[in-house]
Amino acid sequence: MAADADKIISLNVGGVKFATSLETLTRDPESMLARMFQGDIGKRRDDKGRIFIDRDSKHFGLILNYLRDGTCVLPQDAQQLKEILQEAEFYVLDDIKTLITSTGIVTTSNQHNSAQQLRQMISDNLMEDALLRETVDLVLACAYGWGPGNTLRQVPSRAACVVVSLNETACSPLFPRHPPSRDETLYVYFQQSIRFEGPVQQEVYSRKHETDLIHEDGMSYNPRTYGCSDSQRFHIKTQQVYRKHCIDDLAAYPKRLRECALHTLANPNALQWALEMCGFKEANISMKESVLDQSPDGSSQAVISRLTCYISLTL
């Protein structure tokens with residue numbers, strides 16, 4: 001463990017090379033740098049293998065000195081303090097922000113004037129995690145109202161709540177009249193609902209996926225549709241049919257919406273960090289239900305996924 005802490009890390013910050021220890025970079029566990037090197041955030045590398053951070057390097061040395069010593073010498077120039085404050089907000093270094101505001105020269109503000117400013121913060125700060133960036137964009141769209149072709153609206157100075165849910169069930173009208181034999185599946189349709197819903201906007205996909213799995217005569221479907229041979233036609237798993245209709249065959253938009261919903265529900269800490277980095281004073285994520293991949297075989301109706309969370313935002 002000590003050897004890992006002493007490991008020397010080479011960085012490329014805006015084209016300028018820096019070298020420091022892993023211990024220094026992870027000293028503040030809530031900072032963006034600590035989360036980057038603990039694996040919560042993806043890392044980019046330049047052609048020399050150095051970890052690349054797409055920021056101005058002007059004040060990065062001061063940030064490293066703060067992480068090494070727990071304090072730093074601040075300039076008295078208001079413009080430079082504003083620049084350092086901006087970097088402290090990016091790297092999520094609250095103690096530096098406190099040091100700057102204690103000088104009385106500049107002050108901080110969590111209030112953004114428009115949705116455009118929030119979107120720019122997302123673009124600048126979320127680096128290469130495209131799915132996380134798209135998920136944040138969806139959440140803010142539902143909370144504050146923008147989207148393809150929409151006019152950007154002013155961000156209201158109030159809290160907003162966004163509900164993210166994924167509900168999928170398998171249903172078999174044939175059961176129990178025709179009880180399953182061995183691992184035979186009788187599920188003939190799937191109900192699927194994916195939802196991002198906020199006070200201003202909602203993004204919803206809801207559909208019943210009909211299948212042709214009717215086992216009365218055993219010849220009503222092509223098993224190759226589900227990657228099986230003719231000899232396996234009575235042994236197709238419900239999960240195989242579910243994956244075909246509810247995941248693989250989805251169009252691009254609902255498939256991406258489903259990926260964002262799963263990303264939200266699987267990585268609440270990363271999403272909370274990303275929202276806080278966008279300038280929210282509070283970004284609380286609470287799970288209501290979490291059921292995933294419950295086997296549906298052997299009952300007339302079964303839950304495959306029931307996932308719901310609430311995202312509360314305060315500017």
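Keep in mind the model is a prediction, meaning the values are calculated, not measured.

### A short note on the overall build of the protein chain
Step number 1: Across its full length, the protein chain carries 11 helices and 9 strands.
Step number 2: Classification of the 315 residues of the protein chain by burial places 44% in the buried group.
Step number 3: Pairs at least 24 apart in sequence give 61% of the contacts found in the protein chain among residues at least 6 apart.
Step number 4: A total of about 15,600 Å² of accessible surface is found on the protein chain, and carbon and sulfur atoms cover 46% of it.

### With respect to the packing of aromatic side chains
Step number 1: Evaluated as defined, the whole model comprises 4 aromatic pairs.
Step number 2: Taking the centre distance of 4.9 Å and the plane angle of 70 degrees together, the rings of Phe 18 and Phe 60 count as edge-to-face. Taken together, the residues Phe 18 in strand β2 (residues 16-21) and Phe 60 in helix α4 (residues 60-69) connect sequence positions 42 residues apart.
Step number 3: With a relative accessible area of 16%, Phe 18 lands in the buried category.
Step number 4: Aromatic side chains Phe 190 and Tyr 242 sit 6.1 Å apart centroid to centroid with 50 degrees between the ring planes, which places their arrangement in the tilted category. One end of the pair, Phe 190, is in strand β6 (residues 189-197); the other, Tyr 242, is in helix α9 (residues 238-248), with 52 residues separating them in the sequence.

### A short note on the nonpolar core
Across soluble globular proteins, you tend to see nonpolar side chains buried next to one another.
Step number 1: Leu 11, Tyr 91, Phe 196, Leu 275, Ile 311 and Leu 313 are the most contacted members of the largest nonpolar core, which has 64 residues in total.
Step number 2: Ranked by the residues each element gives to this core, the list is headed by helix α8 (residues 130-144), at 8 residues.
Step number 3: Once you skip the residues sitting within four places of it in the chain, Leu 11 turns out to touch Val 16, Lys 17, Phe 18, Thr 20, Leu 25, Phe 37, Arg 50, Ile 51 and Phe 60.
Step number 4: Core analysis: the next-biggest nonpolar cluster, separate from the first, contains 7 residues, Ala 170, Cys 246, Ile 247 and Ile 304 among them.

### A few points about the pattern of salt bridges
Pairs can form between side chains of opposite charge whenever their charged atoms are close.
Step number 1: According to the stated counting rule, one finds 11 salt bridges in the structure shown.
Step number 2: Ionic pairing is found between Arg 27 and Glu 23, a salt bridge with its closest N-O pair at 3.4 Å.
Step number 3: Residue Lys 97 pairs with Asp 94 through a salt bridge whose shortest N-O separation is 3.8 Å. Here Lys 97 and its partner Asp 94 are both found in helix α6 (residues 94-102), 3 residues apart, which amounts to about one turn of the helix.
Step number 4: Linked by salt bridges that have partners in common, Glu 134, Arg 256 and Glu 259 make up one network.

### A short note on the confidence of the model for the protein chain
Close inspection of predicted coordinates is inappropriate for parts of the model with low pLDDT.
Step number 1: Confidence in the prediction of the protein chain, expressed as mean pLDDT, is 76, and 67% of residues score 70 or more.
Step number 2: Highest mean pLDDT in the protein chain belongs to β2 (94); lowest belongs to helix α7 (residues 115-125) (54).
Step number 3: Long-range and interchain partners of residues 147-154, a stretch whose pLDDT sits below 50, account for 13 contacts in this model, where long-range means more than four residues apart.

### Points about the packing of α8 against helix α11 (residues 268-277)
Geometry of a packed helix pair, given as the angle between the helix axes and the separation of the axes.
Step number 1: Taken N-terminus to C-terminus, the directions of α8 and α11 make an angle of 65 degrees; their axes are 10 Å apart at the nearest point. Relative to α11, the element α8 is oriented roughly perpendicular. For the pair α8 and α11, the sense of crossing is right-handed. Within the contact between the two elements, α8 uses Leu 132, Thr 135, Val 136 and Leu 140 and α11 uses Ala 270, Leu 271, Ala 274 and Leu 275.

### What about the sheet that holds strand β4 (residues 51-53)?
Step number 1: What the 4 strands build is an open sheet, ordered β2-β1-β4-β3; its pairing is mixed. Two strands bound the open sheet, and with one partner strand each, they are β2 and β3 (44-45).
Step number 2: Across 6 bridges, the pairing between strand β1 (residues 8-13) and β2 is antiparallel. The partner of Ile 8 across the bridge, within β2, is Ser 21.

### Things to note about the pairing of strand β7 (residues 202-210)
Step number 1: Both β6 and β7 contribute to a ladder of 9 bridges, which runs antiparallel. Following the sheet pairing, Phe 196 is matched in β7 by Glu 203.
Step number 2: The antiparallel hairpin formed by β6 and β7 contains 4 residues in its connecting segment.

### Here we look at α4
Step number 1: Of all the residues in α4, the buried ones are Phe 60, Leu 62, Ile 63, Leu 64, Tyr 66 and Leu 67.
Step number 2: Considering only its buried residues, α4 is in contact with β1, β2, α2 (22-25), α3 (32-37), α5 (78-91) and α6.
Step number 3: Gly 70, located one to two residues past α4, shows a positive phi value of around 80 degrees.

Parameters and conventions
- Here, residues in each chain are numbered from 1, in the same order as that chain's written sequence.
- Given that this is a predicted model, residues contribute local features only at a pLDDT of at least 70 and side-chain atom pairs are listed and counted only at 80 or more, while totals for whole chains, interfaces and linings are drawn from all residues.
- Water and hydrogen atoms were dropped before computing side-chain values, which therefore reflect all heavy atoms in the structure.
- The helix and strand labels rest on DSSP assignments: H or I over at least four residues marks a helix, E over at least two residues marks a strand, and numbering proceeds from the N terminus.
- Using a 1.4 Å probe on the protein chains alone, a residue whose accessible area is under 20% of its type maximum counts as buried, one over 50% counts as exposed, and one in between counts as partly exposed.
- Two residues form a contact once any of their heavy atoms are found within 4.5 Å.
- Note on areas: these come from Shrake-Rupley sampling with a 1.4 Å probe, and a residue is covered only by the protein chains present in the view.
- Whether two aromatic rings pair depends on their centres lying within 6.5 Å, for rings of Phe, Tyr and Trp, where Trp uses its six-membered ring; planes under 30 degrees apart make the pair stacked, over 60 edge-to-face, and the rest tilted.
- To form a nonpolar core, buried Ala, Val, Leu, Ile, Met, Phe, Trp, Tyr and Cys residues must be joined to one another through side-chain atoms within 4.5 Å.
- Salt bridges, as used here, are contacts in which a Lys or Arg side-chain nitrogen is within 4 Å of a carboxyl oxygen on Asp or Glu.
- Each residue carries a pLDDT score, the predictor's confidence in it, ranging from 0 to 100.
- To obtain each axis, a line is fitted to C-alpha atoms, and for helices this fit is confined to the stretch in contact; angles are then taken between N-to-C directions over 0 to 180 degrees.
- Working definition: roughly parallel below 35 degrees, roughly antiparallel above 145 degrees, roughly perpendicular at 65 to 115 degrees, and oblique for all remaining angles.
- Crossing handedness is read from the near helix: turned anticlockwise from the far helix by less than a right angle, it gives a left-handed crossing, and turned clockwise, a right-handed one.
- Two strands are said to pair when DSSP picks up at least two bridges between them.

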